[in-house]
Amino acid sequence: MGVFDSGVGGLTVVASLRSRLPALDLVYLGDTARLPYGTKSAATVARYTHRNISFLLDRGVDGIVVACNSASAMALDTLAVSVPVWGVIEPGAAAAAACSVSRVGVIATEATVRSQAYPRALHRLRPELDVRAQPCPLLVPLVEEGWLDDEVTDRVLRRYLEPLLLWGMDTLVLGCTHYPLLEPAVRRVVGPAVTLVDSAAAVSARVAEDLATSGAEVTGSAGGRLELLVTDDSPAFARLAERILDESVRLHWVDTVPATAALMESLS
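Residues numbered from 1 in each chain as written. Predicted model: local features only at pLDDT ≥ 70, side-chain atom pairs only at ≥ 80, totals over all residues. Heavy atoms only, no water.

## A look at the nonpolar core
And step 1. Counting residues in hydrophobic clusters, the biggest one holds 53 residues, and the most contacted among them are Leu11, Val65, Leu139, Leu161, Leu172 and Val186.
And step 2. For this core, the leading source of residues is helix α8 (residues 151-167), giving six residues.
And step 3. If we ignore the near neighbours within four places in the chain, the residues touching Leu139 are Val156, Leu157, Tyr160, Tyr179 and Leu182.
And step 4. Phe55, Cys68, Ala71 and Ala96 belong to the second largest nonpolar core, which has 37 residues in total. (Core = buried A, V, L, I, M, F, W, Y, C linked by side-chain atoms within 4.5 Å. Buried < 20%, exposed > 50% of the residue type's maximum accessible area, 1.4 Å probe, protein only. Helix = DSSP H or I, 4+ residues; strand = E, 2+ residues; numbered from the N terminus. Contact = heavy atoms within 4.5 Å.)

See below:
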């Protein structure tokens, strides 16, 4: 199975998948050369997403998890591929709708918030819910830098979350797969009364359920292979990957852009 994200955040999905399906073979693509997706236009995110999907299909994957909320929000509906594809928006929204009393806060990238994907998904499930989304453009760079337990990160989170706390949210969706890495810091800000919904855990649960329903055989307590691919060398990525996966890692640099397309991009 293939999994991709703009950076290291999608490895939270990989870690959750390996916990649920340890025999599953995984190919992870971190598009670190184009990080972050959350500040880019819908057309650009769609182009990157199609390229990553094509790259993973060429490697023979039999299913793909779009472990990027921005890509799930803006490009998932444009895909037409022959293998199952899972995004993170619908599973995260379903988990939030199942536990919220009445008010759901969403923190996400600027692109995901602009798309209104979470409010639409939540209202399809529970039209009476009150939903507010807060863009948090500084969080992905802080995670990629490895500042997970840092005073600066805590202050930034407090600035982003205070309006949602004053509004009275009872549930908070971590609407970017980078954000589960900040869960302890988020909890320090929101306190124990707010339910946190991890979109990475939600999508891994959905994948496991769908594979079981389809009769796909992913059995065994261990043994699944993991290949980690990145589009740009990143020592910080390797350090965070080892922290997320709790093991030493080896990264492989790849170029997802065909030569002709790369030339056109360099001239544009």
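Alright, that's what it looks like, and here's the rest.
## Brief notes about the sheet that holds strand β7 (residues 171-174)
And step 1. In space, the four strands of this open sheet follow the order β6-β5-β7-β8, with parallel pairing throughout. The two strands at the open ends of the sheet, each matched to only one other strand, are β6 (130-135) and β8 (195-198). Here the strands of the sheet are splayed against their neighbours by 20 degrees on average, with no regard to which way each runs.
And step 2. Examined bridge by bridge, strand β5 (residues 103-108) and β6 share six bridges and lie parallel to one another. From the neighbouring strand, Arg103 faces β6, where its bridge partner is Asp130.
And step 3. Taken strand by strand, helix α4 (residues 89-99) contacts β5, β7 and β8, and its axis lies near 160 degrees from that of β8. (Pairing = 2+ DSSP bridges. Axes fitted to C-alpha atoms, helices over the stretch in contact; angles between N-to-C directions.)

## Some words on the side chain of His178
And step 1. Among the secondary structure elements, His178 is positioned in the loop between β7 and α9 (183-190).
And step 2. Judged by relative accessible area, which is 1%, His178 ranks as buried.
And step 3. Engagement of the side chain of His178 in a polar contact is seen with the backbone nitrogen of Gly9, the distance being 3.4 Å.
And step 4. Once residues within four sequence positions are removed from consideration, His178 is found in contact with Asp5, Ser6, Gly7, Val8, Gly9, Leu35, Val140, Val143 and Glu144. (Polar contact = N/O pair within 3.5 Å; in protein donor to acceptor, adjacent residues only side chain to side chain.)

## Comments concerning the packing of α4 against helix α6 (residues 117-125)
And step 1. At a closest axis distance of 9 Å, the pairing of α4 and α6 adopts a crossing angle of 50 degrees. The orientation of α4 relative to α6 falls into the category oblique. The handedness of the crossing between α4 and α6 is right-handed. On the side of α4, the interface is formed by Ile89, Glu90, Gly92, Ala93, Ala94, Ala96 and Ala97, while α6 contributes Ala117, Tyr118, Ala121, Leu122, Arg124 and Leu125.
And step 2. Across the contact of α4 with α6, the residue classes tally to 10 nonpolar, one polar and two charged. (Parallel < 35°, antiparallel > 145°, perpendicular 65-115°, else oblique. Left-handed = near helix turned anticlockwise from the far one by under 90°. Nonpolar A, V, L, I, M, F, W, Y, C, P; charged D, E, K, R; others polar.)

## Observations concerning helix α10 (residues 199-214)
Residues three or four positions apart in an α-helix share a direction because the helix packs 3.6 residues into each turn.
And step 1. Here α10 contains 16 residues, and its C-alpha end-to-end distance of 22 Å stays within 8% of the 22 Å for a straight helix at 1.5 Å per residue.
And step 2. Considered for burial, the residues of α10 that qualify are Ser199, Ala200, Ala202, Val203, Ser204, Val207, Ala208 and Leu211.
And step 3. Capping the start of α10, Asp198 holds a side-chain oxygen 2.8 Å from the backbone nitrogen of Ala200, two or three residues further along.
And step 4. At the C-terminal side of α10, Gly215 shows a positive phi close to 85 degrees. (Expected span 1.5 Å × (residues − 1).)

## Quick notes on the environment of Gly92
And step 1. For Gly92, the location among the structural elements is in helix α4.
And step 2. Looking at Gly92, the relative accessible area reads 0%, which means it is buried.
And step 3. Between the alpha carbons of Gly92 and Val197 there is a distance of 6.9 Å; along the sequence they are 105 residues apart.
And step 4. Excluding anything up to four places from it in sequence, Gly92 contacts Tyr118, Val197, Ser199 and Ala202.

## Quick look at the confidence of the model for the protein
And step 1. Of all residues in the protein, 94% attain a pLDDT of 70 or more, and the chain-wide mean is 92.
And step 2. Between residues 260-264, whose pLDDT stays under 50, and residues either more than four places distant or in other chains, the model counts one contact. (pLDDT = per-residue confidence, 0-100.)

## Quick look at the packing of α8 against α9
How two helices sit against one another is set out by the angle between their axes and by the gap between those axes.
And step 1. Where α8 meets α9, the axes come as close as 9 Å, and the angle between the chain directions of the two elements is 50 degrees. The pairing of α8 with α9 is recorded here as oblique in orientation. Crossing of α8 over α9 shows right-handed handedness. Residues Asp154, Leu157, Arg158, Leu161 and Leu165 of α8 form the contact with α9, whose own contacting residues are Ala185, Val186, Arg188, Val189 and Val190.
And step 2. Broken down by class, the residue content of the contact of α8 with α9 amounts to seven nonpolar, no polar and three charged.

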